[in-house]
Amino acid sequence: MPLYDYISEHPDDPERSCRVCARGFELRRPIDRPPLEVCPLCRHAVKKLISRVNTPKITKPFSVTDAKKAGFTVLEKRDEGVYERQ
């Protein structure tokens, strides 16, 4: 399940937000659920923030032996439209 960041729509107004939603909070929710509209604690309006996307980092390019160890079939081009296993 992805993590979503929320913050109060009025973070500077203590009467319209609690200390949790004024600072912002992170919540794990299924993708198919609609975004929160109110803070779960104080029931004041919150908005969803756009946060970073977690992407895997590849530190080195894969070699032929790494690909074979990972279970991939490695093909080498021999002619126009003709490939052979390596």
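Residues numbered from 1 in each chain as written. Predicted model: local features only at pLDDT ≥ 70, side-chain atom pairs only at ≥ 80, totals over all residues. Heavy atoms only, no water.

- In the annotation of an unreviewed UniProt entry, the entry for the protein chain reads Putative regulatory protein FmdB zinc ribbon domain-containing protein, and the organism field reads Oceaniferula spumae.

1. As for the overall build of the protein chain
Thinking step 1. The secondary structure content of the protein chain amounts to two helices and five strands.
Thinking step 2. Written out in order from the N terminus, the α and β elements of the protein chain read β-α-β-β-α-β-β.
Thinking step 3. A compact globule built from 86 residues should have a C-alpha radius of gyration of about 12 Å, whereas the protein chain, at 24 Å, is more than 25% larger.
Thinking step 4. In terms of overall dimensions, the protein chain has C-alpha extents of about 70 × 25 × 20 Å along its principal axes.
Thinking step 5. Split into buried and exposed, the 86 residues of the protein chain put 17% on the buried side.
Thinking step 6. Long-range pairs, those at least 24 residues apart, make up 38% of the contacts in the protein chain between residues at least 6 apart in sequence.
Thinking step 7. Charge centroids of the protein chain, computed over 17 positive and 13 negative side chains, lie 6 Å from each other. (Helix = DSSP H or I, 4+ residues; strand = E, 2+ residues; numbered from the N terminus. Rg over C-alpha atoms; globule rule 2.2 N^0.38 Å. Buried < 20%, exposed > 50% of the residue type's maximum accessible area, 1.4 Å probe, protein only. Contact = heavy atoms within 4.5 Å. Lys, Arg positive; Asp, Glu negative; His and termini not counted. Charge placed at Lys NZ, Arg CZ, Asp CG, Glu CD.)

2. Considering unusual backbone geometry
Thinking step 1. A positive phi angle, near 65°, is found at Arg43, a position not held by glycine.
Thinking step 2. Examined against the element boundaries, Arg43 turns out to sit in the loop between strand 2 (25–28) and strand 3 (46–49).
Thinking step 3. What makes Arg43 exposed here is its relative accessible area of 57%.

3. Looking at the UniProt feature "domain: Putative regulatory protein FmdB zinc ribbon" (unreviewed entry) in the protein chain
Thinking step 1. Taking the numbering used here, the UniProt-annotated feature "domain: Putative regulatory protein FmdB zinc ribbon" (unreviewed entry) corresponds to residues 1–51.
Thinking step 2. End-to-end, the C-alpha atoms of residues 1–51 are 15 Å apart, and along that stretch the chain is 10% helix and 27% strand. (UniProt positions renumbered as here; feature names shortened; annotations may be inferred.)

4. Comments concerning the nonpolar core
Thinking step 1. Counting residues in each nonpolar core, the largest one holds eight residues, listed as Tyr4, Tyr6, Cys18, Cys21, Phe25, Leu36, Cys39 and Val46.
Thinking step 2. Sequence-distant contacts of Leu36, defined by excluding residues within four places in its chain, comprise Tyr6, Phe25, Leu27, Arg29 and Val46. (Core = buried A, V, L, I, M, F, W, Y, C linked by side-chain atoms within 4.5 Å.)

5. Digging into the packing of aromatic side chains
Thinking step 1. Taken as a whole and judged by the stated rule, the model has one aromatic pair.
Thinking step 2. Measuring from centroid to centroid gives 5.7 Å for Tyr6 and Phe25, while their planes differ by 25°, and the two rings are stacked. Highlighted residues: Tyr6 in strand 1 (residues 3–8) and Phe25 in strand 2, separated in sequence by 19 residues.
Thinking step 3. For Tyr6, a relative accessible area of 1% translates into the label buried. (Phe/Tyr/Trp six-rings, centres within 6.5 Å; stacked < 30°, edge-to-face > 60°.)

6. Overview of the confidence of the model for the protein chain
Thinking step 1. Scored by pLDDT, the protein chain has a mean of 85; 94% of the residues are at 70 or more.
Thinking step 2. When pLDDT is averaged over each element of the protein chain, strand 3 comes out on top at 92 and helix 2 (residues 64–69) at the bottom at 83. (pLDDT = per-residue confidence, 0-100.)

7. Digging into the sheet that holds strand 1
Thinking step 1. Taken in spatial order, the three strands make up an open sheet running 2-1-3, and their pairing is antiparallel. Pairing within the sheet leaves two strands with one partner each, and these edge strands are strand 2 and strand 3. Direction aside, the axes of adjacent strands within the sheet are offset by 40° on average.
Thinking step 2. Summarising the sheet, strand 1 and strand 3 pair through four bridges and their orientation is antiparallel. Counted as the bridge partner of Tyr6 is Lys48 from strand 3. (Pairing = 2+ DSSP bridges. Axes fitted to C-alpha atoms, helices over the stretch in contact; angles between N-to-C directions.)

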